[in-house]
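Single-letter residue listing:
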Amino acid sequence: MADESEALRKQILSARKNNQKLNIVGGGTKDFMGRTADSHAETLSLAEHTGIVEYHPVELIMTVRAGTRIADIEAALAEEGQCLHFEPPRFGDASTLGGTLACNLSGPARPWTGSVRDQVLGIRLLNGKGEHLRFGGQVMKNVAGYDVSRLQAGAMGTLGAITEISLKVMPLPASSMTLVQDMPMADVIRYMNQRAGESKPITGAAWVDGKVYLRLSGARSAVEATAEKWSGEVMEQGEAFWKQLQHMTHEFFQGDAPLWRFSVGSTAPNPELDGPMLIDWAGSQRWYRGEANMAKLESMAKPAGGQVSLFRGGDRSDEVMHYQPEALQNIQKRLKESFDPDGLFNPGRLYSWL
Amino acid sequence: MKTRPSISKAELAEKFRSFIDPDFVITDNETMKPYECDGMSMYCEMPMLVVLPETASQVQQVMRLCNEYRVPVVARGAGTGLSAGAMPHKEGVVLSLAKFNRILEVDPLARTARLQPGVRNLAISEEVAQHGLYYGPDPSSQIACTIGGNVAENSGGVHCLKYGLTVHNILSVEMITAEGDRVVVGNDALDGCGMDLLAVMTGSEGLLGIVTEVKVKLLPKPEVARVVMAGFDSVQKAGDAVGGIISAGIIPGGLEMMDGYAIVAADDFAQAGYPRDAKALLLCEVDGTVEEVQEHIEQAENLFRELGATSVKTSQSEEERALLWKGRKSAFPAVGRISPDYYCMDGTIPRRQLAHVLLEMEKMSEKFGLRVANVFHAGDGNLHPLILFDANVPGEFERTEAFGGSILNLCVEVGGCITGEHGVGVEKIRQMAVQFNDEELQQFHDLKVAFDPRGILNPGKGVPALKFCQEYRSLEYKQHDHDTVEVAHG
């Protein structure tokens, strides 16, 4: 529980003076993500910059320092019957909210509850000039100025060090139930999308190993009535399955084979690939395990209305994120320049050209 | 950034006419007149010329020429904006997207629609209703406002708390950059690699690019929706009741509050059966499955009674639900009937500050000698004070502006912000200096340069030049210090 922002600011100013690059690190549980970190860069650690700054349960808003662990945040929320309903993945106990936003990571409920990016209302950010800036706010609606807060989602720290985050929190669902049934992969995309198109309290739709899993959560009466109508068996320990997806502890994610993430249109046909696949987010997020060529997978992701990234493993010295057209590269390079004119933060971590 | 066009009006018009139907390159004052303002009609300016392209490649050519000759470009949808964001630049071009009015594709299974930017907000929901779907954000102007304008303003509506703003309900935009590149930001998926440029485009008020296509998410229509109306004898009690609903774990589809003034005006207008003696009225709509709505409506009714509601009534039919909403949705024109003019403000506050803010506003109302009615998106803290005035009384609009400015400053003071959904535009540009410091404002300017190196897109809106900020802050400080508002504002 400490405000380390002044020390962080000083470190940035000194790095700027000495032309020293900086790797921003929170809990260090996402080191495997992005391209290989610059080995000559110094660590800018947010791990001690922790604490809940403000929490008003009836406002559904919480403000925390970026180094605060997800586990601590969720514990505080649970005491008030609330949660982070974007279900942040944790790759270790030390996972922080700052890292979660920088990597834009959300769990299985994401299509229905929104992502971490969707819930962010405001941030404080240390830019490359060592200025401690505040954007957005601690209210649900705020359209004054550009949305710099959400711009950070997926930027992987290339624009600065996020120091504080205000976000929307939600009540814990009153009840939950998981339905499971056998279904071949060829049928599941259509099935999941049809279910997602019904006005029912669905908060999960995934497929793995020949089985489709649907989760219902909300008012007990609504969950039970829907389960009656829909096919599938009620799964004991259903919540444990969703936790395995959320934190990527499911067997599918084990082992060293490269893990690819397709973020595509929910109804796109499955890419024709040999090897294990796991479908989540009612078809919008599809995981693939296996050695593959980035360019080839990009050519599959594009007609599917989306992108591919090498999430974990494989060659991380080359690009691991989907190709960006030149005009968008230029905008992102200039944005980087505007926040971090000396290119201090996370050089080459997101793209080789950034 | 100041730009100085290096081309004459006649030369530019001639160039436009070489690739755009000459009837839609407008240069005469009479035909340009309707473009002099948007929904914020107190702020007017005549543009150099108005152009209405009909294809994205024509927009590209317009942008390339304007970028080359440093001509300011103000994009315009339906012109319903309430912050003068689409007010023309006198040396610039108004680029109307009115001809981009087609729904290009609806995919019922994927629950998406691909739209041209000039498609009206309500037309989307009307078109997809046959598939049991609708588009979430529903600003009050939804009959007229367009999806392109919704993207520019990050529009909300009465269902934001549960269904989010425009930024939560779009997948991608095709846009033409200031330099004339045609790019797609976002995709059919729920996220993409790299910085979230879609988020920064949304709500950027036409300062970063010209949107030529929008792909939106559609939602399944709830099985049922019902409204509980509760009257209270104080604003404080109504505010507590809102907190009570949230604490019970209910997220209403809509949760609206009106004060005494607004209740009577709206009821006169709509005959909605509102409790006219109440000091505050809550409309709490619960939507979802039949079972869920039943469960939550009962909870809400009980809660309101426990928390001191003087009247509680629940809609028993669709007609009744529509009538209860009619009052709220017509609150602006209703208030318009009891005053020659009204000025609609748009601050956002933490909900717990509501009673304090309304009390302070009452004091200001006395001080400025102007009446104020309040409608409030209670679920998300977005306050819409309507200041009643008469533009024909000399000095009254200036006093209204000063009153409005003081309300926005108060919003910032209590931890809120100067605009929840109407945008900054010209109208609130001075208050930006209250919400942000110089370093933050400079960062906004630098961000714009990344998209628009020559500063041709909607210059002078959204983010104030730093040299004006110091002056405004010191003026405001003086005002607070001496409590002599009228004097400080001259």
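Note on numbering: residues in each chain are counted from 1, in written sequence order. As a convention, the first chain written is A and the first ligand written is 1, with the rest following in written order. In keeping with the model being predicted, local features are shown solely for residues with a pLDDT of at least 70 and side-chain atom pairs are shown and tallied solely at 80 or more, while totals for entire chains, interfaces and linings include all residues. Based on all heavy atoms of the structure, the side-chain values leave hydrogens and waters out of the count.

### A look at the overall build of chain A
For clarity, the threshold we go by: Working definition: helices are DSSP H or I runs of at least four residues, strands are E runs of at least two. Numbering for both runs from the N terminus. In this setup the radius of gyration rests on C-alpha atoms only. A globule is expected at 2.2 Å times the number of residues raised to 0.38. Only heavy atoms enter the contact rule, under which two residues are in contact if any of them lie within 4.5 Å. Reported accessibility uses the Shrake-Rupley method at a 1.4 Å probe radius. Residues are deemed covered only where the shown protein chains occlude them.
For chain A, the count of helices and strands is 11 helices and 17 strands. The globule rule puts the C-alpha radius of gyration for 354 residues at 20 Å, and the 21 Å found for chain A is close to it. Considered along the principal axes of its C-alpha atoms, chain A spans approximately 65 × 50 × 35 Å. Considering only intrachain contacts with a sequence separation of at least 6, the fraction spanning at least 24 residues in chain A is 69%. As presented, chain A carries roughly 12,900 Å² of accessible surface, and 47% of it is formed by carbon and sulfur atoms.

### Some thoughts on the domain arrangement of chain A
Residues and elements named next belong to chain A. Heads up, the rule is: Domain start and end points were adopted from an automatic or database domain assignment. Note: buried area is the sum, over both parts, of the accessible area (probe 1.4 Å) each one loses when the two are combined. Salt bridge, as used here: a side-chain nitrogen of Lys or Arg that lies within 4 Å of a carboxyl oxygen of Asp or Glu. Definition of a polar contact: a pair of N or O atoms within 3.5 Å, with one able to donate and the other able to accept a hydrogen when the atoms are protein atoms, and with sequence-neighbouring residues admitted only if both atoms are side-chain atoms. Residue polarity is assigned by list, with Asp, Glu, Lys and Arg as charged and Ala, Val, Leu, Ile, Met, Phe, Trp, Tyr, Cys and Pro as nonpolar; anything else, Gly included, falls into the polar class.
Splitting chain A by domain gives domain 1 (5-171 + 330-339) and domain 2 (174-255 + 257-312). Taking only C-alpha atoms into account, the centre of domain 1 sits 27 Å from that of domain 2. At the junction of the two partners, domain 1 supplies 15 residues and domain 2 supplies 16 residues. Interface area lost by domain 1 to domain 2 is led by Phe32, Pro108 and Trp112, which between them contribute 46%. At the junction of domain 1 and domain 2, the tally comes to one salt bridge. Linking domain 1 with domain 2 are five residue pairs in polar contact (both at pLDDT 80 or more), by the criterion used here. Looking at the side of domain 1 that touches domain 2, its residues break down into 10 nonpolar, two polar and three charged.

### Points about helix α2 (residues 70-78) of chain A
All names here are of chain A. Rules: The classification of residues rests on relative accessible area computed with a 1.4 Å probe and restricted to protein chains. Under 20% of the type maximum is buried, over 50% is exposed, and intermediate values are partly exposed. Each direction from the helix axis to a C-beta atom contributes to the arc, which is the arc of those directions.
Considered for burial, the residues of α2 that qualify are Ile70, Ile73 and Leu77. On an axial view of α2, the arc spanned by its buried residues comes to 65°, and they lie on one face. On its buried face, α2 is in contact with β3 (52-56), β4 (61-65), β5 (82-83) and α3 (97-102).

### What to know about the UniProt feature "domain: FAD-binding PCMH-type" (unreviewed entry) in chain B
Formally: UniProt positions are given in the numbering used here, feature names are shortened, and annotations may be inferred rather than shown by experiment.
Per the UniProt annotation, the sites labelled "domain: FAD-binding PCMH-type" (unreviewed entry) are residues 43-221 of chain B. Across residues 43-221 of chain B one finds 23% helix and 25% strand; the C-alpha atoms that close the span lie 39 Å apart.

### Here we look at the packing of aromatic side chains
What counts here: For this analysis, a ring pair means two rings from Phe, Tyr or Trp (six-membered ring only for Trp) whose centres lie within 6.5 Å, classed as stacked if their planes differ by under 30 degrees, edge-to-face if by over 60, and tilted for the remaining angles.
Throughout the structure, instances matching the rule amount to 20 aromatic pairs over all chains. Taking 6.3 Å as the distance between ring centres and 80° as the angle between the ring planes, the aromatic pair formed by Phe91 of chain A and Phe311 of chain A counts as edge-to-face. You can see Phe91 of chain A sitting in the loop between β5 and α3 and its partner Phe311 of chain A sitting in strand β17 (residues 307-312), a full 220 residues away along the chain. Under the relative-accessibility criterion, Phe311 of chain A is labelled buried at 7%. Judged by centre distance (6.2 Å) and plane angle (90°), the rings of Phe232 of chain B and Phe304 of chain B are edge-to-face. Here the residue Phe232 of chain B occupies a position in strand β12 (residues 224-232), and Phe304 of chain B occupies one in helix α11 (residues 290-306), the gap between them amounting to 72 residues. Each member of the pair, Phe232 of chain B as well as Phe304 of chain B, is classed as buried.

### Some points on the nonpolar core
Using the following cut-off: By nonpolar core is meant a set of buried Ala, Val, Leu, Ile, Met, Phe, Trp, Tyr and Cys residues that side-chain atoms within 4.5 Å join together.
In terms of nonpolar packing, the biggest core is built from 170 residues, with Leu335 of chain A together with Val216, Phe304, Leu447 and Phe451 of chain B touching the most fellow members. Apart from the residues lying within four places of it in its own chain, the contact partners of Val216 of chain B are Arg111, Thr112, Ala113, Leu115, Ile124, Tyr135, Ile147, Asn169, Ile170 and Leu171 of chain B. Of all hydrophobic cores here, the second largest spans 28 residues; its members include Met48, Tyr69, Val71 and Phe100 of chain B.

### Notes on the packing of helix α11 (residues 326-339) of chain A against helix α17 (residues 438-451) of chain B
The line we're drawing: Structural elements are reduced to axes, namely lines fitted to C-alpha atoms, with helices fitted over the stretch in contact, and the angle between N-to-C directions of any two is expressed from 0 to 180 degrees. Throughout, the term roughly parallel applies to angles under 35 degrees, roughly antiparallel to angles over 145, roughly perpendicular to angles from 65 to 115, and oblique to all others. Left-handed describes a crossing whose near helix is turned anticlockwise from the far helix by less than a right angle; the clockwise case is right-handed.
The contact between α11 of chain A and α17 of chain B brings their axes to 8 Å, and the two run at 160°. Here α11 of chain A lies roughly antiparallel to α17 of chain B, going by the angle between them. Along this stretch, α11 of chain A crosses α17 of chain B, giving a crossing that reads as right-handed. Across the interface between the two elements, Ile331, Arg334, Leu335, Ser338 and Phe339 of chain A from α11 of chain A touch Gln443, Asp446, Leu447, Val449, Ala450 and Phe451 of chain B from α17 of chain B.

### Comments concerning the domain arrangement of chain B
All names here are of chain B. Partitioning chain B into structural domains gives domain 1 (9-96), domain 2 (104-220), domain 3 (224-333) and domain 4 (340-488). Summarising the inter-unit geometry, the C-alpha centres of domain 3 and domain 4 are found 29 Å apart. In this assembly, 15 residues from domain 3 lie in contact with 17 residues from domain 4. For the pairing of domain 3 and domain 4, the buried interface totals around 1,400 Å² over both sides, and the portion due to carbon and sulfur atoms is 67%. Its largest share of buried area at the contact with domain 4, domain 3 owes to Met257, Tyr261 and Phe332, together 43% of the area lost on that side. Between the two partners, domain 3 and domain 4, sit zero salt bridges. Counting every contact that joins domain 3 to domain 4 gives five residue pairs in polar contact (both at pLDDT 80 or more). Within the residue set of the side of domain 3 that touches domain 4, elements represented by two or more residues are α9 (235-247), β13 (254-259), α10 (260-270) and α13 (331-337).

### Comments concerning the sheet that holds strand β4 (residues 93-96) of chain B
Residue and element names in this part refer to chain B. Just so we agree on the cut-off: At least two DSSP bridges between two strands are required for those strands to pair.
Ordered by their spatial adjacency, four strands build an open sheet running β1-β2-β4-β3, and the pairing between neighbours is mixed. Looking along the sheet, the strands with just one partner apiece sit at the ends: β1 (25-26) and β3 (73-76). In terms of strand pairing, strand β2 (residues 49-51) meets β4 through three bridges, oriented parallel. Looking across to β4, one finds that Leu49 is bridged to Val93. Against the sheet, helix α1 (residues 9-17) touches β1, β2 and β4, its axis set at about 10° to β2.

### What to know about the interface of chain B and chain A
Interfaces are often sized by the amount of accessible area the parts lose when they come together. Listed by partner, the interface residues are 86 residues for chain B and 82 residues for chain A. Between chain B and chain A, the buried area comes to about 6,500 Å², and carbon and sulfur atoms account for 59% of it. On inspection of chain B and its partner chain A, the count reaches nine salt bridges. Its salt-bridge partner being Arg117 of chain A, residue Asp196 of chain B comes within 2.7 Å of it at the nearest N-O pair. Elements supplying a minimum of two residues to the side of chain B that touches chain A: α6 (160-163), α7 (166-169), β9 (182-186), α8 (197-201), α9, α11, α16 (432-435) and α17 of chain B. With 10 residues, the single largest contributor to the side of chain B that touches chain A is α17 of chain B. Looking at the side of chain B that touches chain A, its residues break down into 38 nonpolar, 25 polar and 23 charged.

### Topic: the environment of Tyr146 of chain A
Within the secondary structure, Tyr146 of chain A is located in the loop between β7 (132-136) and α6 (148-151). Between the C-alpha atoms of Tyr146 of chain A and Phe135 of chain A, which are 11 residues apart in sequence, the distance is 8.3 Å. Every residue in contact with Tyr146 of chain A, bar those within four places of it in the chain, is listed here: Val200, Ser204, Leu207, Leu208, Phe444, Leu447, Lys448 and Val463 of chain B.

### Examining the pairing of strand β12 (residues 211-218) of chain A
Residue and element names in this part refer to chain A. Most of β12 sits out of view: seven of its eight residues are buried. Across eight bridges, the pairing between strand β10 (residues 175-182) and β12 is antiparallel. Bridge pairing in β12 links Leu179 to Leu214. As paired elements, strand β11 (residues 202-208) and β12 share six bridges and run antiparallel to each other. If you follow Trp207 over to β12, its bridge partner there is Val212.

### Brief notes about the sheet that holds β4 of chain A
Residue and element names in this part refer to chain A. The sheet built from five strands is open, its strands ordered β3-β4-β8-β6-β7 with antiparallel pairing. The strands lining the two open edges of the sheet, one partner per strand, are β3 and β7. Neighbour to neighbour, the strand axes of the sheet diverge by 10° on average, direction disregarded. Looking at chain direction, strand β6 (residues 120-126) and strand β8 (residues 161-168) are connected through six bridges and run antiparallel. Residue pairing across strands places Gly122 opposite Ser166, the latter belonging to β8. Seen against the sheet, α2 touches β3 and β4 and runs at an angle of roughly 150° to β4.

### A few points about the pattern of salt bridges
For the coordinates displayed, the defined rule picks out 41 salt bridges over all chains. Glu36 of chain B is the salt-bridge partner of Lys33 of chain B, the closest N and O atoms lying 3.0 Å from each other. Members of the salt-bridge network, linked through shared partners, are Arg110, Arg117 and Asp118 of chain A together with Asp196 of chain B.

### A closer look at the packing of helix α8 (residues 220-229) of chain A against α11 of chain B
Viewed as axis vectors pointing N to C, α8 of chain A and α11 of chain B meet at an angle of 165°, and their least axial separation amounts to 7 Å. With respect to each other, α8 of chain A and α11 of chain B are oriented roughly antiparallel. In this structure, the crossing between α8 of chain A and α11 of chain B has a hand that is right-handed. Between α8 of chain A, through Arg220, Ser221, Ala222, Ala225 and Lys229 of chain A, and α11 of chain B, the contact on the second element is made entirely by Glu291, Glu292 and Glu295 of chain B. Residues of the contact of α8 of chain A with α11 of chain B, tallied by class, amount to two nonpolar, one polar and five charged.

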